[in-house]
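If you want the building blocks of each chain, they are given just below.
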Amino acid sequence: MKRSLRGFVKSQNLTLAIIILVGAVLLGVQSGGGFLSPISRTTFFTFLAVPILIGLAQMITLAVGQLNLAVGSIGGFAACFAGVAISSFGAPPWVGALSTLVVGALVGLLNGWLIVVTRINGFIVTLATMTIFAGLQYALVSTRTISSTQWPEIYALGKSAVLGIPTIFWIALIVAGLVAFYFTHMIGGRRLLASGDNDHAALLAGISNDRSVVVAHTLSGLLCGVAAFVTLASLSGVNQSIGGDWLLPSFAAPIIGGVSLTGGSVAILGTVFAATIVRLVDSARAIFQLDPAWVNFVVGAVVLGSVALGRARQVRDARRAGAARAKATPAAATPAAVALGPEASTGATLTVESATTRGTK
Amino acid sequence: MSAAAEPAREAGGRAFVRFLATSRFFLLVIIVILVTVFGAAKPAFFNGPFVIAPLLTSISIYTVVGLSQMVVPPVGHMNLAVGQMASFGAIFMGMSYQLWHAPLILGLLIGLVAGAAIGTLTGWLIARTGVNSFIVTLAMSFALIGLVPTMYSWLSTSAAFTVKPAGLDVIGQASFANLCIGSTCGTNAVPLIVLPVIVTMLLIGYLYSRTRFGRELLVTGSNIHAAELSGIPTGRRIIFVHALSGALAALAGFLLAASIGSFTPTIGGEFMLQSFVGPILGGTLLAGGYVSVTGTLLGITLMLLIRKGLELFGLGIETLNVLLGLILLIALSADRIRNIRRRRKVVAPVVSEDAVAEEVSA
């Protein structure tokens, strides 16, 4: 993955960055500078950490061609588990708060394991675990709110800032950096992408697709756990509503950020930028005092548009790449197909249709 | 005993034996056991107007929700926006009653058309872009989650449409006790809402089991490549299925609104999980190629029976969530194991076609 300047300009990221700048300037002007004040800036970045983390959590499952509907209930359950562990069982705040990571990763592991063992569609498995863990979250805390005064150290971390930017936002950025490093420079990450791009080819190359699914879901759960940790640090308490509204932002960030929905690609910078844009829309709602449903509508419509446009772009790129390849080696394509025998040629005819059939799998 | 009757009876017997091996029979047994247990433990369970009638009302409504999902997997897709399509259809019905003073049937039709239209758009996006149906329907649900409450707050004063046209209460709240022939009236334990639902079930069952069109839908789901090679316009079939799903969702929204008495933005909020539980428990294959209308009804009945039981025994809603999730996983795992075992038993490739043809049942 070359991050050359040209690639940046051509990619969606430049568009997203421009939207962020224009949006921030507009909001700044519209609010008479209030939006750019230190307090408002701190709030903005504090509540940007969770969208980035859950966007990345969703992105990792999308990378292997899966999806994770349980993002919100893993995060909510982990946060409430930590809250109960600290307040009712006297766990030291740091131990309790960091247990979110373990809980998140374990639930993610459970998701991946269930998908691989039962061969049930990952969507249904995560729908089921979403329901189960939302129920367990409610069973843990029922209607009460556990106040963050129980974990003052963690809450202080949430209030602290480094270089004028909240620490928890730095945490989110560091996690994003680690995820980027994992997918660009580590064998594990490359394997996930290989499985997501073409599971058959990955299998022939000696990669276990099952392991990729399990690893992706575990990492996704782990990131939900980090999001739960950030929630503990930034909110004044945890209750059964935590995580209830994470589903839309978790999909919005990677989809708007340009992640291919058929698997095999990641866009960390795009996901971070897209999460920022969603956050800007939310801030705009607060400044203009609009109905919260309005944000959902805008974000949902943009997601729907990106889905359609992203696919159109993919088809166009594939066509261009095909044309370029045909120009470079005009004779190479046909003998290869013949040499591989009848199976390969049916494969070739099938790929023509993959544009329509892929969605149905 | 004539020679002609013998094979017929044998065939009937075999069909019965086959029924015993289906998940539908299994569901029926569990339902009977649960009803007996609930009835024995709490005699109040058999209270006609206060327990049975509300239970039947919700079974009716959620069966339509289940059908709205069930019609989609045959082509190998899913609809995550069932609830939002229901709310989208319902807002048009509410609008036509409150703002345009439409009669009952006209408003219902407007809502059904709205639901079908949003379904058509969804199906078109899927067929046209080739993006996974999860993602498109999920994105659609996100857009509608925002749009519908916004429309309610623009168009109505109290974020709900409360004008009821003549006849809405009859569908939503009346029971057979209100239906009299001479001096004999029906029982008050069965609400009238079951009638439109039975009609809908029959229509959907007829579509999938008796018509060429329905068979084409099933073929599209079991093997889209083969379907295309046999000349089935798969793109159009996919769009149709999503339109049908949208219309059924709108119908479910209408029935729910009729039973609660007003059109509100919360309609459809709880439909998604429910819509999957019914068809999956009933044995509808998520991979496509097989549906079961009675299975969906039984799946929904079991789910709502469990909910009622939890209520009777004073257990909270969170237990229901945990149970539903577990049931979903167990049902699907069991299905998977049965499939694997069957595939191991018969390796012949022909069997899959036979199985599809045989298993299609209404």
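Residues numbered from 1 in each chain as written. Chains lettered and ligands numbered in written order. Predicted model: local features only at pLDDT ≥ 70, side-chain atom pairs only at ≥ 80, totals over all residues.

Chemist: Account for the overall build of chain B, with residues named and values stated.
Modeler: Along the backbone of chain B there are 15 helices and two strands. Here chain B holds 362 residues, and the buried ones make up 49% of them. Across chain B, the fraction of contacts at a sequence separation of at least 24, relative to all contacts at a separation of at least 6, is 75%. (Helix = DSSP H or I, 4+ residues; strand = E, 2+ residues; numbered from the N terminus. Buried ≥ 20, exposed ≤ 12 C-beta atoms within 10 Å, placed from the backbone. Contact = placed C-beta atoms within 7 Å.)

Chemist: Quick rundown of the interface of chain B and chain A? Include the residues and the values.
Modeler: Contact residues are listed per partner, giving 42 residues for chain B and 46 residues for chain A. Listed by contribution, the elements that provide at least two residues to the side of chain B that touches chain A are α5 (104–129), α6 (133–155), α10 (224–229), α12 (271–282) and α14 (317–345) of chain B. In terms of residue count, the dominant contributor to the side of chain B that touches chain A is α6 of chain B (15 residues).

Chemist: So what's going on with the packing of helix α3 (residues 48–70) of chain B against α12 of chain B? Residues and values would help.
Modeler: Residues and elements named next belong to chain B. Where α3 meets α12, the axes come as close as 8 Å, and the angle between the chain directions of the two elements is 75°. By the angle between their axes, α3 is roughly perpendicular relative to α12. Seen from α3, the contacting residues are Tyr62, Thr63, Val65, Gly66, Ser68, Gln69 and Met70; seen from α12, they are Phe271, Gln274, Ser275, Phe276, Gly278 and Pro279. Taken together, the residues of the contact of α3 with α12 sort by class into six nonpolar, seven polar and no charged. (Axes fitted to C-alpha atoms, helices over the stretch in contact; angles between N-to-C directions. Parallel < 35°, antiparallel > 145°, perpendicular 65-115°, else oblique. Nonpolar A, V, L, I, M, F, W, Y, C, P; charged D, E, K, R; others polar.)

Chemist: Explain the domain arrangement of chain A to me, and be specific about the residues and the numbers.
Modeler: Domain boundaries assigned for chain A yield domain 1 (43–290) and domain 2 (336–361). Using C-alpha coordinates to define each centre, domain 1 of chain A is positioned 36 Å away from domain 2 of chain A. (Domains from an automatic or database assignment.)

Chemist: So what's going on with the nonpolar core? Residues and values would help.
Modeler: Leu53, Leu56, Leu223 and Val303 of chain A are the most contacted members of the largest nonpolar core, which totals 212 residues. Element by element, the count of residues in this core is highest for helix α11 (residues 234–260) of chain B, at 17 residues. Excluding residues within four positions of it along the chain, Val303 of chain A makes contact with Phe251, Ala252, Ile255 and Ile256 of chain A together with Ala139 and Phe142 of chain B. (Core = buried A, V, L, I, M, F, W, Y, C linked by C-beta atoms within 7 Å.)

Chemist: Quick rundown of helix α13 (residues 293–312) of chain B? Include the residues and the values.
Modeler: The first and last C-alpha atoms of α13 of chain B sit 28 Å apart over 20 residues, in line with the 28 Å expected at 1.5 Å per residue. Note on α13 of chain B: the residue one or two positions beyond its end, Gly314 of chain B, has a positive phi of about 75°. (Expected span 1.5 Å × (residues − 1).)

Chemist: Tell me about the environment of Val199 of chain B, and please be specific about residues and values.
Modeler: Mapped onto the elements of the fold, Val199 of chain B is located in helix α8 (residues 194–210). The exposure class assigned to Val199 of chain B is exposed, which follows from the 10 C-beta atoms found within 10 Å.

Chemist: I'd like a rundown of α8 of chain B, residues and numbers included.
Modeler: Residues and elements named next belong to chain B. In this model α8 runs 23 Å from its N-terminal to its C-terminal C-alpha over 17 residues, within 8% of the 24 Å that 1.5 Å per residue would give. Taken residue by residue, α8 has Val197, Thr200, Met201, Ile204, Gly205 and Tyr208 as its buried positions. Along the axis of α8, the buried positions cluster into a sector of 130°, meaning they face one direction only. Residues Val199, Leu202, Leu203 and Arg210 are exposed on α8 and point more than 90 degrees away from its buried face. Buried residues along α8 sit in contact with α3, α9 (212–222), α11 and α13. (Arc of directions from axis to C-beta.)

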